[in-house]
Amino acid sequence: MSSPVLVTGSRGAIGSGLVSRLRAAGLPVRAASAAPEKLDLPDDVETVRLRLGEPGTFPAALAGVRQVFLYADPTHVDAFLAAAKAAGVEHIVLLSSSSVLYAGAEDNPIAQRHLAVEQALTASGIDATLLRPGAFAGNAAGWAWSIKSTGTVEVPYPGTHASPIHQDDVADAAFAVLTEPRLRGAAYHLTGPESLTAAQQIAALGAAIGRDIAVETVSPEAWKAAMSAYMDDATADALLDYFAAYDGRPDTVTRGVEELTARPARTFADWAAENADTFRP
Ligand SMILES: NC(=O)c1ccc[n+]([C@@H]2O[C@H](COP(=O)([O-])OP(=O)(O)OC[C@H]3O[C@@H](n4cnc5c(N)ncnc54)[C@H](OP(=O)(O)O)[C@@H]3O)[C@@H](O)[C@H]2O)c1
């Protein structure tokens, strides 16, 4: 039996999708999670408790592993990489973010934590493949409560663009770089197939549920106050800066998904149709 691929954060949308893909391909996989007892996986999938913030959990999770899918948590990344080297890990695929590519990345808290892990990984001597997706289509789930309860979404910049990527495409890309050696060792900027404004994304959700959804513009301050239960002020400010910079300005669209998976990236409308029930009252 060959060594298992260690998938960190296996309860995550991408981690869980990757575990399923590796299992379906008949490849050995070890699903790691901070709470493995909450994983909903077939009995034949090996599981292990791993918290990226708790170095004591690293050695057992990494024993016998040659490849890792890693979520970006800079807290103890040096200890994780030292444990990975000691265990004989040869290749790590990092779930990074396209935020590292934007001007001012060093001063942006979202980009900073991804950059810190990218830099540590690149310096480690272990083969590194960097997946740098842009905004996830799944972020739209954050509008569900408001759509269900009021039929309205409040946004600070209705005209701000993103090229939302379906998380299944990120899982497919991760599967490709873990299973096809010629794709290893590069950085991939991954996006959805089209740049859409926030208002266009909300209209696509409306089309998926067969209902008009109103878009209301609120001040950046009001949006930040509404988000305070979900994110710290620095993250909210970083997102507001991004929204303002892309207001009326199309986002980059790459062919990264196609390059890695040999088929076109899923559209935002695909995601909306698959997740329509999340938005129905
Ligand atoms: N959102 C974006 O637009 C965006 C853009 C670019 C990059 N990214 C990157 O992608 C990451 C998020 O990936 P994702 O979509 O797979 O994240 P996710 O579904 O939110 O899961 C993130 C982590 O939270 C834990 N988790 C998942 N479900 C949970 C639950 N019900 N209760 C408690 N913990 C749970 C999981 O780790 P355990 O199983 O170990 O608990 C999981 O790995 C971000 O952190 C960022 O680095 C995001």
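Definitions and limits used
Residues numbered from 1 in each chain as written. Predicted model: local features only at pLDDT ≥ 70, side-chain atom pairs only at ≥ 80, totals over all residues. Helix = DSSP H or I, 4+ residues; strand = E, 2+ residues; numbered from the N terminus. Rg over C-alpha atoms; globule rule 2.2 N^0.38 Å. Buried ≥ 20, exposed ≤ 12 C-beta atoms within 10 Å, placed from the backbone. Contact = placed C-beta atoms within 7 Å. Core = buried A, V, L, I, M, F, W, Y, C linked by C-beta atoms within 7 Å. Domains from an automatic or database assignment. Nonpolar A, V, L, I, M, F, W, Y, C, P; charged D, E, K, R; others polar. Expected span 1.5 Å × (residues − 1). Arc of directions from axis to C-beta. Near = placed C-beta within 6 Å. Pairing = 2+ DSSP bridges. Axes fitted to C-alpha atoms, helices over the stretch in contact; angles between N-to-C directions.

1. Description of the overall build of the protein
Regarding its fold elements, the protein presents eleven helices and eleven strands. A compact globule built from 281 residues would reach a C-alpha radius of gyration of about 19 Å, and the protein, at 19 Å, matches this within 12%. C-alpha atoms of the protein, sized along the principal axes, occupy 55 × 40 × 35 Å. Sorting the 281 residues of the protein into buried and exposed places 42% on the buried side. Within the protein, residue pairs in contact and separated by at least 24 positions form 73% of the contacts whose partners lie at least 6 positions apart.

2. Some words on the nonpolar core
With 75 residues, the main nonpolar core has Leu94, Leu131, Ala173, Ala174 and Leu205 as its most contacted residues. Residue contributions to this core peak at eight residues, all from helix H6 (residues 167-179). Built from parts of two domains, this core gets at least three residues from each of domain 1 (5-133) and domain 2 (134-165 + 191-251 + 265-281). Setting aside anything within four residues of it in sequence, one finds Ala174 in contact with Ile14, Leu18, Phe69, Val93 and Leu131.

3. Overview of the domain arrangement of the protein
Split by domain assignment, the protein resolves into domain 1 (5-133) and domain 2 (134-165 + 191-251 + 265-281). Taken together, the contact between domain 1 and domain 2 spans six residues of the former and seven residues of the latter. For the side of domain 1 that touches domain 2, the class distribution of residues is four nonpolar, two polar and no charged.

4. Some points on helix H7 (residues 198-209)
Over its twelve residues, H7 extends 17 Å from the first C-alpha to the last, a length consistent with the 16 Å expected when each residue adds 1.5 Å. Where H7 is concerned, the buried positions are Ala198, Gln201, Ile202, Ala204, Leu205, Ala208 and Ile209. Burial along H7 is one-sided: seen end-on, the buried residues are contained in an arc of 155 degrees. Those residues of H7 that are buried are in contact with helix H5 (144-150), strand E7 (152-155), strand E10 (196-197), strand E11 (214-217) and helix H11 (268-274). Positive phi shows up at Gly210, right after H7, with a value of about 70 degrees.

5. Brief notes about the site of the ligand
If you check the shell around the ligand, you find 20 residues, and the closest are Gly9, Arg11, Gly12, Ile14 and Ser33. Taken together, the residues of the shell around the ligand sort by class into ten nonpolar, nine polar and one charged. Split by domain, the residues of the shell around the ligand number at least three in each of domain 1 (5-133) and domain 2 (134-165 + 191-251 + 265-281).

6. Considering the sheet that holds strand E2 (residues 29-33)
Here we have seven strands laid out as an open sheet, ordered E3-E2-E1-E4-E5-E6-E9, and parallel in their pairing. Two strands close off the open sheet at either side, each with one partner strand: strand E3 (46-49) and strand E9 (187-190). Put simply, the sheet's adjacent strands are angled 20 degrees from each other on average, direction ignored. Pairing between strand E1 (residues 5-7) and strand E4 (residues 67-71): three bridges, direction parallel. Within the sheet, the bridge partner assigned to Leu6 lies in E4 and is Val68.

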